[in-house]
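Observations on chain architecture
Here's the letter readout for the chains.
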Amino acid sequence: MAGRFVRASKYRHVFGKPTRKEFCYDNLRISRNAWDTNLIKVNPEYIAVNWDASGGGAFAVIPLEERGKAPDQIPLFRGHTATVLDTDWNPFNDRVIVSASEDGKVFIWEVPEGFTLLTDAEEITDVAPVSKLPGHSRKVGQVLFNPAAENILASASGDFTVKLWDIGTGQNPLTLKHADIVQSLSWNAAGSMLVTTSRDKKIRVWDVRQEKPVHEAPGHGGAKNSRAVWMGEHNRFATTGFSRMSERQIALWEPGNPEPIGGFTMLDSISGVCMPFWDDGSNCLYLAGKGDGNIRYYEYENDKFEYLSEHKSSDPQRGIAFLPRRGINVHDNEVMRAYKTVNDAYIEPISFTVPRRAETFQADIFPPAFGTKPAMSAQEWLDGKTAVPSKIDLESVYDGNAPKEVTSDYKPPASVQAAPPAKPTPPKEEPKKEEPKPVARAPPPSMKEQQGSMAAIADKFQSKDESEEEEEDDETSSFEEISRPQPRSAMPIRSEPKAATPEAAPAPIKTASPVRANPPSSTPTPTAASVAPSSSGVESSLDQIKQLIENQSRMISAQNDKIGQLTAEVDAIKRKLGSGSQDQSERIRQLELELEEARS
C-alpha cells in the first residue's frame, strides 16, 4: 500500500450514461459495407448515416431533435452510383456535408432549410448534390474538412493519394502521394499538418502545402488497420493499431521523433479496430472498439495517457461519432457526447458527464470551444497562412446568450524538426526532478521529531529571489504528479506561499518535503525575500531534505520488518494451536498488542 496514490483529475469520475431506447434514433437501415469507416458523423444539428440503399449509394440525415422511431420512408441524399463509404460535416456551416463513395467521386451537399423526416407528403423527395469533385481513379474511403481554413477538404482514395480540394471552386491544387491505401487521416488544429496511416504500416506527417512528408516512421506491426488522430492544439498525435500478435495497441507520437513516446502500449486482444477521438477541451482521448461495446477514455498529462475509466455496454458498435464541444449540454455538466450504432438498426446517444451538484457554470471543466468562424479563407491557406480559429466562451451558451467569441492563444510550432530539442529541461534542473520521486512511493511522513527541521528547510525556499523562482517554475510540471497524492491537509500550506510570491516555485519543494503538519507560523517568512540564498545554499538544503527522507525510509522499513515478523509469529502459533492452552492464548494476545503498537 505504501507505493500507491491517487492522481488528482477533474475528469476522474466521468461516466458514460446511455439513453433509453425510446429516445434513440430507431428504425434505421445502416450500411453493412465492410470498409473501415465510422459509418456516422454528427454536428450540433444533424446526424449523417451511411444508408443501406438499393440502386446506388445514399446516406441519410437525421435532425438531432427528431428522436424515436423514424418513418419507414425518409428522404435520402442520393446521387452516388455505388456505396457511400464516408461523410464529413463542414465545421463552419452545419448544413454543408460531403460524401465519399466507391464510385471514386466526392459530392458536396446542402441540407435544405427546415429539413425534417416527419413529412406528410405523399411522395418522398430525395436530396441531390450541390456539386461534384471527380478526380480519383478508385474508391474514396475517407473525407475530412480542414479545421481552420474555410472550404479546404482532404479526400483519401484507393489510388494511393490524398487530394486537397477547394470545394468553393472545385479545384484540386494539392496531392499527397502514398505507397499504399490510406487507412486514416487527421488534421492538426491549425490545419497546416496532416497525419496519415497506411496499409504499408507507415505513419506519415505531411506539410500539406509543400506536398511532402516531414515525418515518416514505422507504425504498428500488425496486419489489421491502424488509425491516427491529431491531439488538437498539442504538437502530438495518437495512433491505434495491432501488434504482430494481433493485440490492440495505442501509441503517443511527437512529429519528427521516429519512436513513439513511451513505446507501444497494449490494450487487449480483441480483434476489432480501435476508433480514437480527441477532445481538446478536456485533454481526453476516447477509444471506441469496433465490434465491442466498450469506450475507454484517457487523460493526456505529462506526455502520457492516464487511464480514467471505461464505459461498458452489451450492445456492440460498428460505427461511432463524437459531437463537437460547442453542441454539448453544459447545464448537465456534460463534457462529451457520443452517438453509436447498435445492430445496424438504431443510434444510441451516450452522454459523458462529470458528477457534480452545482447550479452555476463550471468554468474549470468547460474551457472555450472552437466556434463556427474559420481562421482564414481557402486562398489564404493556400498562400501559406497558418492560424487557429477563434473560440467561443461556453459560459455565454450556459446563460442562454449568443456565443461569445474569444481569441485562441495557440501558437503553432515553428517547425517539426525543432520540436524534439524543446522537450528536455535545462541540464542543471534535471537532478531536481529525480529527487522527489521516492516521495510518491513512500508512505505519508509522520515523524514528529523531524517536523521542526523540515519546516525550517522549507522556509528557506520561500525567501528565494524572483530569478530562482522562475527557474524552478519550469519544473512545476514534473512535480505535478507528486503534489496530487498528498492529503487535503497539505493544500493550505501550498496556497499560502502563492499569495506572498507571484511565482509558484516554492510549491513543488514543499510538496517534496513532509511539511503538512507544520504550524501556520512558518508561512510569514516570505517577507524576508530580500535575503536570497546562494545556489550552494539551495543545494545543501536539498541534500538535507534528501538525507531526512532516506532516514525516514530506513525507519519505516525497519518498522515494516518488525510488523512482518510479529505477524508471521502470530500466524505460526495460531496454526499450531488446536484446542489451545491458556499460556499460548496469552502469548497470542501479547503479540497482537505488540503488533498494534508497531502499526500505530
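Parameters at a glance
Residues numbered from 1 in each chain as written. Predicted model: local features only at pLDDT ≥ 70, side-chain atom pairs only at ≥ 80, totals over all residues. Heavy atoms only, no water. UniProt positions renumbered as here; feature names shortened; annotations may be inferred. Core = buried A, V, L, I, M, F, W, Y, C linked by side-chain atoms within 4.5 Å. Buried < 20%, exposed > 50% of the residue type's maximum accessible area, 1.4 Å probe, protein only. Helix = DSSP H or I, 4+ residues; strand = E, 2+ residues; numbered from the N terminus. Polar contact = N/O pair within 3.5 Å; in protein donor to acceptor, adjacent residues only side chain to side chain. Contact = heavy atoms within 4.5 Å. Pairing = 2+ DSSP bridges. Axes fitted to C-alpha atoms, helices over the stretch in contact; angles between N-to-C directions. Salt bridge = Lys/Arg side-chain N within 4 Å of Asp/Glu carboxyl O.

The protein chain appears in an unreviewed UniProt entry as Coronin from Sarocladium strictum. The heading Sequence similarities (unreviewed entry) in the UniProt record of the protein chain holds the text "Belongs to the WD repeat coronin family."

1. Some points on the nonpolar core
Grouped together as the largest cluster of nonpolar side chains are 60 residues, with contacts concentrated most on Tyr286, Phe322, Val335, Tyr339, Ile347 and Phe352. Formed by 20 residues, the second largest nonpolar core is a distinct cluster that contains Val182, Trp187, Met376 and Ala387.

2. Topic: the side chain of serine 99
Tracing the backbone shows serine 99 in strand 9 (residues 96–101). Using a relative accessible area of 0% as the deciding quantity, one classes serine 99 as buried. Of note is the side chain of serine 99, whose polar atom sits 2.8 Å from the side chain of tryptophan 109. Non-local contacts of serine 99, meaning those with residues more than four positions away in its chain, are made with Phe59, His80, Val84, Asp86, Thr87, Lys105, Val106, Phe107 and Trp109.

3. Remarks on the UniProt feature "coiled-coil region" (unreviewed entry) in the protein chain
UniProt's entry tags residues 542–576 with the feature "coiled-coil region" (unreviewed entry), counted in the numbering of this structure. Note that residues 542–576 is 100% helix and 0% strand, and that its end C-alpha atoms are spaced 51 Å apart.

4. Overview of the pairing of strand 5 (residues 57–63)
Among the seven residues of strand 5, seven are classified as buried, and the element is accordingly described as predominantly covered. Going residue by residue along strand 5, you find Gly57, Phe59, Val61 and Pro63 tucked away on one face and Ala58, Ala60 and Ile62 tucked away on the opposite face as well. Pairing of strand 4 (residues 46–51) with strand 5, which is carried by six bridges, proceeds in the antiparallel orientation. Residue pairing across strands places tryptophan 51 opposite alanine 58, the latter belonging to strand 5. Here strand 4 folds back onto strand 5 in antiparallel fashion, the turn holding five residues, of which glycine 55 has a positive phi close to 70°. In terms of strand pairing, strand 5 meets strand 7 (residues 77–80) through three bridges, oriented antiparallel. Following the sheet pairing, alanine 58 is matched in strand 7 by arginine 78.

5. Quick word on the sheet that holds strand 27 (residues 304–311)
The four strands are arranged 24-25-26-27 in an open sheet whose pairing can be described as antiparallel. The open sheet has two edge strands, strand 24 (274–279) and strand 27, and neither has a second partner. Across the sheet, the mean angle from the axis of one strand to that of its neighbour is 25°, orientation sign disregarded. One ladder, built from five bridges, connects strand 25 (residues 284–289) with strand 26 (residues 295–301); its direction is antiparallel. Its bridge partner lying in strand 26, leucine 285 is registered against tyrosine 298.

6. Brief notes about the pattern of salt bridges
Throughout the structure, instances matching the rule amount to 31 salt bridges. For the salt bridge of glutamate 110 with arginine 95, the shortest nitrogen-to-oxygen distance reads 3.5 Å. Highlighted residues: glutamate 110 in strand 10 (residues 105–110) and arginine 95 in the loop between strand 8 (84–89) and strand 9, separated in sequence by 15 residues. Among the ionic pairs, glutamate 233 bridges to lysine 391, the shortest N-O distance being 2.5 Å. Of this pair, glutamate 233 sits in the loop between strand 20 (227–230) and strand 21 (237–242) while lysine 391 sits in strand 32 (residues 391–393), and the two are 158 residues apart along the sequence. For the pair glutamate 233 and lysine 391, a shared accessibility class is recorded, and that class is buried. Here the residues in one salt-bridge network are Arg7, Glu299, Glu301, Lys304 and Glu306, joined through shared partners.

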